[in-house]
Amino acid sequence: MNLASSLYLAQAYIRKHVWKSVLVVLSLVMTISIPGGVQIIVTEFDKHMNERAQSTPFIIGKKGSQLDLVLHGLYFSSDAPGTITMQDVEDIRTENLADVYPITNLRKAQKIRVVGVDLEYLSFRNLDLKEGRKFAMFGEAVIGSEVAKNLDLKPGSHLITDAENVFNIAAAYPLKLNIVGVNYRTGTPDDLVVFVSLETSWIIEGVGHGHEEIQKNSPKNLNNGNPDSEVISASAAVLPYTEISKENAGSVHFHGDSSDFPVTAALVLPYDQKSSSILQGRFVSSQDNVQLVSPSAEINELLSVVFQVKSFFQAQMWLVTLTTILLIGLVISLSLKLREREMRTYFVMGCSRWSQAQLLTTEIFLYLLTSAFLSYLLLGILSLNSGYFVDTILASS
């Protein structure tokens, strides 16, 4: 039996027993793809985490879990360990030792993180605009590319922040954000968040708000029914603004000292090695409630745990692979038992035992070739999108 005849008969058998063939191929695809997929994700996770951490020498935040602070400040995942104040940020700035980029990351809009930053942060992360412009007034927002794609938003669209607690009348009211810009895709966590100014983030927190101007004849004036009264009394229908426009932006004001306004983290970039040493020394001896953390150190510690888990997982995968091979061998042996009459017919027709073995080998080869091709496609797709998958996993945590 020549090769062409073996291929023809093998294809005919596979088409005849399509469901059995599909199960065998899927088993092989999973056996090949899962270890490869884990390797791709772990490698991308390592690269992704280290690049972000190495670009930021230090982070300051409230004392607590250092890893949570790093994940919160760099990847916008994990809740903030607590808040520090703008005064803590200004203390470092006035020492002229480093550039400092404060961040507030306390609220969400449609479950998307709303991050308050200075415009300098956008420049530091090289976030260039694909559409629109940067935020310039209260209530404006610039969104990441994935937010724009997933929520179908563009400049001119609106996004309302999530209510803190619908049953708490003392809570800050949701704010209607005006989308003014969309960033280019960067393949970083910045693609998955909504950026607003620090002042806007404080308005969302309830630190700042506006008040509606009530006219004498307004239905919201309790004395509207008394034409002789010059007193204006606002009814309960008057609420703090939930949308800020050019017309009412002038009424927005903040309560308290700006130095006490909350910040959840701040990126610290020392000017040189001497400045770095001075900063580290200052926080080592500090007794206040603020900590200085090295993201690289925390991420390396996290990755060491990840690679330990990876090693355990790979050892387990060898057992799974061996089990799958044994099961496929069992399927083939049972298939041969069921095909005894077919093989006897081949023998009667003059097909030698060697030719029968060649036919079975050709079938197995077709299974392996199809499985390898499908695995290659799956791993290729995963490799191209691994950065997005890692960002999404981190952002959803």
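Residues numbered from 1 in each chain as written. Predicted model: local features only at pLDDT ≥ 70, side-chain atom pairs only at ≥ 80, totals over all residues. Heavy atoms only, no water.

1. Some points on the packing of helix 2 (residues 18-54) against helix 3 (residues 66-75)
Between helix 2 and helix 3, the least distance of the axes is 11 Å, while the angle of their chain directions is 85°. Taken together, the axis directions place helix 2 and helix 3 in an arrangement best described as roughly perpendicular. Counting all contacts with helix 2, which are made through His 48, Met 49, Arg 52 and Ala 53, the residues of helix 3 involved are Leu 71, Leu 74 and Tyr 75. Considering only residue class, the contact of helix 2 with helix 3 consists of 5 nonpolar, 1 polar and 1 charged. (Axes fitted to C-alpha atoms, helices over the stretch in contact; angles between N-to-C directions. Helix = DSSP H or I, 4+ residues; strand = E, 2+ residues; numbered from the N terminus. Parallel < 35°, antiparallel > 145°, perpendicular 65-115°, else oblique. Contact = heavy atoms within 4.5 Å. Nonpolar A, V, L, I, M, F, W, Y, C, P; charged D, E, K, R; others polar.)

2. Re empty space enclosed by the protein
A complete count under the given rule lists 6 cavities of 30 Å³ or more for this structure. One number sums up the size of the second largest cavity: a volume of about 50 Å³. Taken together, Ile 60, Asp 88, Asp 91, Ile 92, Arg 282, Phe 283, Asp 288 and Val 290 make up the full set of residues lining the second largest cavity. Mapped onto the lining of the second largest cavity, the elements with two or more residues apiece are helix 4 (86-94) and helix 8 (273-285). The leading source of residues in the lining of the second largest cavity is helix 4, at 3 residues. Among the residues making up the lining of the second largest cavity, the classes are represented as 4 nonpolar, no polar and 4 charged. (1 Å grid on protein atoms, 1.4 Å probe; cavity = no way out; pocket = protein on both sides within 12 Å on 5 of 7 lines; lining within 4 Å. Points joined across faces, edges and corners; volume = space filled by probe spheres on them.)

3. Regarding the environment of Gly 187
Looking at where Gly 187 falls in the secondary structure, it is placed in the loop between strand 8 (176-183) and strand 9 (194-197). What makes Gly 187 partly exposed here is its relative accessible area of 22%. Expressed as a C-alpha distance, the spacing of Gly 187 and Glu 146, which sit 41 residues apart in the sequence, is 9.4 Å. (Buried < 20%, exposed > 50% of the residue type's maximum accessible area, 1.4 Å probe, protein only.)

4. Here we look at the nonpolar core
Across soluble globular proteins, nonpolar side chains have a tendency to be buried as a group. Grouped together as the largest cluster of nonpolar side chains are 30 residues, with contacts concentrated most on Tyr 75, Val 117, Tyr 121, Phe 195 and Leu 267. Among the secondary structure elements, those contributing two or more residues to this core are helix 2, helix 3, strand 3 (98-109), strand 4 (112-117), helix 5 (119-124), strand 13 (265-270) and helix 9 (295-338). The element contributing the most residues to this core is helix 3, with 5 residues. Once residues lying within four places of it in the same chain are set aside, the contact partners of Leu 267 are Thr 56, Phe 58, Ile 59, Gly 73, Leu 74, Asp 99, Val 100, Tyr 101, Ile 103, Tyr 121, Phe 124 and Arg 125. (Core = buried A, V, L, I, M, F, W, Y, C linked by side-chain atoms within 4.5 Å.)

5. Concerning the pattern of salt bridges
Taken as a whole and assessed by the stated rule, the structure comprises 8 salt bridges. Linking Arg 133 and Glu 140 is a salt bridge whose minimum nitrogen-to-oxygen distance equals 2.6 Å. Look at Glu 140 and you get buried, because its relative accessible area is 6%. One salt bridge connects Glu 146 with Lys 149, and the closest N-O pair in it is separated by 3.4 Å. Taken together, the positions of Glu 146 and Lys 149, both in helix 6 (residues 145-151) and 3 residues apart, correspond to about one turn of that helix. Relative accessible area serves as the criterion here: at 59%, Lys 149 is assigned to the exposed category. A network of salt bridges, in which partner residues are shared, links Glu 90, Arg 93 and Asp 118. (Salt bridge = Lys/Arg side-chain N within 4 Å of Asp/Glu carboxyl O.)

6. Topic: a nonpolar patch on the surface
On the surface, Val 18, Trp 19, Val 22 and Leu 26 cluster together to form a nonpolar patch covering roughly 410 Å² of accessible area. A relative accessible area of 68% places Trp 19 in the exposed class. (Patch = residues over 30% accessible without salt bridge, like charges linked within 9 Å, V, L, I, M, F, W, Y side chains within 5 Å. Areas by Shrake-Rupley, 256 points an atom, 1.4 Å probe, with all protein chains shown as cover.)

7. Structural notes on helix 7 (residues 198-205)
Burial within helix 7 is extensive, with 6 of its 8 residues counted as buried. Restricting attention to buried positions, one finds in helix 7 the residues Leu 198, Thr 200, Ser 201, Trp 202, Ile 203 and Ile 204. Immediately downstream of helix 7, the backbone of Gly 206 shows phi near 95°, a positive value.

8. Some remarks on the pairing of strand 1 (residues 58-62)
With 4 of its 5 residues buried, strand 1 lies for the most part within the structure. Across 4 bridges, strand 1 lies against strand 14 (residues 290-293) in antiparallel orientation. Residue pairing in the sheet places Ile 60 in a bridge with Leu 292 of strand 14. (Pairing = 2+ DSSP bridges.)

9. Section: the packing of aromatic side chains
Scanning the model with the defined rule gives 5 aromatic pairs in all. Ring centres 6.1 Å apart and planes at 80° place the aromatic pair Phe 76 and Phe 195 in the edge-to-face group. Here Phe 195 lies in strand 9 and Phe 76 lies in the loop between helix 3 and strand 2 (84-85), a separation of 119 residues in the sequence. Comparing Phe 76 with Phe 195 shows no difference in burial state: the two are buried. (Phe/Tyr/Trp six-rings, centres within 6.5 Å; stacked < 30°, edge-to-face > 60°.)

10. A look at the layout of surface pockets
Empty space within the second largest pocket amounts to approximately 210 Å³. Every residue along the wall of the second largest pocket is listed here: Glu 44, Lys 47, His 48, Glu 51, Arg 52, Ser 55, Arg 125, Thr 186, Gly 187 and Thr 188. For the lining of the second largest pocket, the per-class residue count stands at no nonpolar, 5 polar and 5 charged.

11. Let's talk about the confidence of the model for the protein
Confidence in the prediction for the protein averages 78 pLDDT; 77% of positions are at 70 or higher. Considering each helix and strand of the protein separately, the mean pLDDT is smallest for helix 10 (residues 340-348), with a value of 67, and largest for strand 9, with 95. Here residues 166-171 is a poorly scored stretch, pLDDT under 50, and it has 2 contacts once near neighbours within four places are set aside; other chains count. The low-confidence segment residues 229-241, where pLDDT is below 50, has 33 contacts with residues more than four positions distant or belonging to other chains. (pLDDT = per-residue confidence, 0-100.)

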